[in-house]
Amino acid sequence: DAGVTQSPTHLIKTRGQQVTLRCSPKSGHDTVSWYQQALGQGPQFIFQYYEEEERQRGNFPDRFSGHQFPNYSSELNVNALLLGDSALYLCASSSFVAGGSTDTQYFGPGTRLTVL
Amino acid sequence: AQKVTQAQTEISVVEKEDVTLDCVYETRDTTYYLFWYKQPPSGELVFLIRRNSFDEQNEISGRYSWNFQKSTSSFNFTITASQVVDSAVYFCALSGPTSGTYKYIFGTGTRLKVLA
């Protein structure tokens with residue numbers, strides 16, 4: 001049973017460029033969340049996608065955008081990269097739970113983005 | 001506001017010692033969820049436990065145990081007879097309606113070093 005997968009593993013970009021990160025959820029999951037983890041910090045929530053729509057968003061500028069495909073996989077796009085965007089980007093998958101409850105999120109190995 | 005505090009930045013123990021990682025949380029929600037994750041050097045966050053606010057029963061899983069006390073807003077994690085493989089960064093996280101049910105709020109993590 002495959003877990004959450006992310007690609008690429010590492011990425012180096014320069015300021016002003018754009019980047020796309022990819023995530024495939026764990027088998028049976030339909031919801032994908034993205035987190036940014038700066039060095040020495042805990043993960044910070046970027047947004048969550050369910051049924052191909054953004055369901056909730058954290059405190060990130062709209063340079064950060066996403067997409068979810070019909071097969072539940074997801075992309076995170078970051079435009080106009082800044083040095084401060086250098087971080088580990090983690091994808092987490094879970095199952096939709098009705099009634100406002102929350103399901104456990106399972107994380108992938110992350111993509112380490114370096115902006116020069 | 002919701003907040004998770006892990007005051008211990010780094011802990012070093014000798015193999016076979018017991019160690020407790022502290023987690024204190026703040027929330028005004030009556031229904032919320034608490035989590036612990038392990039992050040080894042590879043970067044992937046590994047799920048350890050989930051607890052909802054109505055279940056104050058302590059849990060033991062092998063060498064791991066968790067103590068949830070609503071009266072002190074704490075959810076502490078103890079590793080008994082620590083092993084070198086336990087070396088990692090451990091994160092406590094909180095989820096609840098105030099910050100958005102789908103968003104996990106993480107602490108800054110505690111780096112555990114187990115010395116042989």
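This text gives an overview of the structure that appears in the document.

Secondary structure summary: chain B contains zero helices and twelve strands in total. The order of α-helices and β-strands along chain B, N terminus first, is β-β-β-β-β-β-β-β-β-β-β-β. Counting over 116 residues, chain B shows a buried share of 47%. Restricting the contact set of chain B to residue pairs at least 6 apart, pairs at least 24 apart contribute 56%.

At the junction of the two partners, chain A supplies 22 residues and chain B supplies 21 residues. The interface formed by chain A and chain B contains zero salt bridges. Where chain A packs against chain B, one counts six residue pairs in polar contact (both at pLDDT 80 or more). If you list the elements that add at least two residues to the side of chain A that touches chain B, you get strand S4 (31–37), strand S5 (44–50), strand S6 (53–57), strand S9 (87–94) and strand S10 (106–107) of chain A. Looking at side-chain class alone, the side of chain A that touches chain B contains eight nonpolar, twelve polar and two charged residues.

Across all of its chains, the model carries seven salt bridges over all chains by this definition. Taking the shortest distance from any N to any O, the salt bridge between A:Glu75 and A:Arg22 comes out at 3.5 Å. With A:Glu75 in strand S8 (residues 74–78) and A:Arg22 in strand S3 (residues 19–24), the pair connects residues that are 53 residues apart, well separated along the chain. Residue A:Glu75 is classed as buried on the basis of its relative accessible area of 17%. Here A:Arg22 falls in the partly exposed class, since its relative accessible area comes to 43%. Two residues, B:Asp55 and B:Arg51, come together in a salt bridge whose shortest N-O distance is 3.1 Å. Residues joined in a network through salt bridges with shared partners are B:Arg51, B:Asp55 and B:Glu59.

What counts as what
Residues numbered from 1 in each chain as written. Chains lettered and ligands numbered in written order. Predicted model: local features only at pLDDT ≥ 70, side-chain atom pairs only at ≥ 80, totals over all residues. Heavy atoms only, no water. Helix = DSSP H or I, 4+ residues; strand = E, 2+ residues; numbered from the N terminus. Buried < 20%, exposed > 50% of the residue type's maximum accessible area, 1.4 Å probe, protein only. Contact = heavy atoms within 4.5 Å. Salt bridge = Lys/Arg side-chain N within 4 Å of Asp/Glu carboxyl O. Polar contact = N/O pair within 3.5 Å; in protein donor to acceptor, adjacent residues only side chain to side chain. Nonpolar A, V, L, I, M, F, W, Y, C, P; charged D, E, K, R; others polar.

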